[in-house]
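One letter stands for each residue in the lines below.
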Amino acid sequence: MRGVDLAQLKALQQQYAGKVVQYDMHKTFSPRFIAGGDVGFEAQGTVARAAMVIMTWPELELVEYQVARVPVTLTYIPGYLSFRECPALEAVWQMLTIKPDLLFIDGQGIAHPRGLGVASHFGLFADIPTIGVAKSRLCGEYAELGSEPGSAVALQYQGQTIGSVLRSKLRCNPLFISVGHKISAASALAWTQQCLRGYRLPEPTRWADAVASNRPSFQRWLARQ
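Below or above, wherever it landed, is the structure these notes cover. What you see is a predicted model, and the numbers here were worked out from it, not measured in a lab.

**Some details on the environment of Val21**
Along the chain, Val21 falls in the loop between helix H1 (6–17) and strand E1 (33–42). As a C-alpha pair, Val21 and Leu96 span 75 residues in sequence and 24 Å in three-dimensional space. Every residue in contact with Val21, bar those within four places of it in the chain, is listed here: Val179, His181, Lys182 and Ile183.

Shown next as structure tokens:
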């Protein structure tokens, strides 16, 4: 792996973060296809494995999936994960035969110390409305969250709201929802809620994870095709 120039990466993050659009591009938005993306690592962290699924809206039926494996060129550095994951996401994006209208990424959007998690970083590349759905908090504080599914509170960092904390399922840890690109915070939360189907994760990232990890739910889907 090549040497790392943290000053250069930080400057790039700040540059890219300034380009993120944090509002809805259209007053009415009715996607035909919604995508989910997830990145994992294999071969002792030397290969990034990106999975992306395409689902119909509002049925949320899986109609396409792709998986790309890309050699990792950057070591793991906390706060700079998007530079490690985006090359694989870009590769799997190019493989899709259906391009979505809305994209969920398993990871942070602007809920990042420098405002550029993987969902925002890749959202700029894809240039479509993108939502970050993270399973853990990277930064920020939030008020006590209700135990009932659907409870949501604001995620605050340095005096600004950077996302929402959502209890998506009873007795499950919350999700951290934030703007990726070309969408408002309110819409990011609303679309996440609309894509829940009784599981902790919204369907797009749940299925992306299922494909990436070859889970039984994906195997059952394959058997029906």
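**Quick word on the pattern of salt bridges**
Under the criterion given, the structure shown has 7 salt bridges. The partner of Arg69 in a salt bridge is Glu42, with the nearest N and O atoms 2.7 Å apart. You can see Arg69 sitting in strand E3 (residues 62–71) and its partner Glu42 sitting in strand E1, a full 27 residues away along the chain. One salt bridge in this structure joins Lys182 and Asp127, with 2.8 Å as the shortest N-O distance. Of this pair, Lys182 sits in the loop between strand E8 (175–181) and helix H4 (185–194) while Asp127 is found in the loop between helix H3 (118–126) and strand E5 (130–134), placing the two residues 55 residues apart along the sequence.

**A short note on unusual backbone geometry**
Note the cis peptide between Trp57 and Pro58, where omega equals 10 degrees. Following the sequence through the fold, Pro58 ends up in the loop between strand E2 (47–56) and E3. With a phi close to 55 degrees, Ala43 is a non-glycine residue in the positive phi region. In this fold, Ala43 is placed in the loop between E1 and E2.

**With respect to helix H6 (residues 216–224)**
Every buried residue of H6 is accounted for by Ser217, Phe218 and Trp221. All buried residues of H6 fall inside an arc of 100 degrees around its axis, so they share one side. Set apart from the buried face of H6 by more than 90 degrees, the exposed residues are Pro216, Arg220 and Ala223. The inward-facing, buried residues of H6 contact E3 and helix H5 (203–212).

So, how was this worked out
Counting restarts for each chain, with residues numbered from 1 along the sequence as it is written. Whole-chain, interface and lining totals are the exception, using all residues; otherwise, since this is a predicted model, local features are given only for residues with pLDDT of at least 70 and side-chain atom pairs are given and counted only at 80 or more. To get the side-chain values, all heavy atoms of the structure are used, and hydrogens and water are removed first. Only DSSP runs of H or I covering at least 4 residues are called helices, and only runs of E covering at least 2 are called strands; the numbering of each starts at the N terminus. Contact criterion: two residues are considered in contact whenever any of their non-hydrogen atoms come within 4.5 Å of each other. We define a salt bridge as a contact between a side-chain nitrogen of Lys or Arg and a carboxyl oxygen of Asp or Glu at a distance within 4 Å. Only protein chains enter the area calculation, which uses a 1.4 Å probe; residues under 20% of their type maximum are buried, those over 50% are exposed, and those in between are partly exposed. This arc corresponds to the set of directions leading from the helix axis out to the C-beta atoms.

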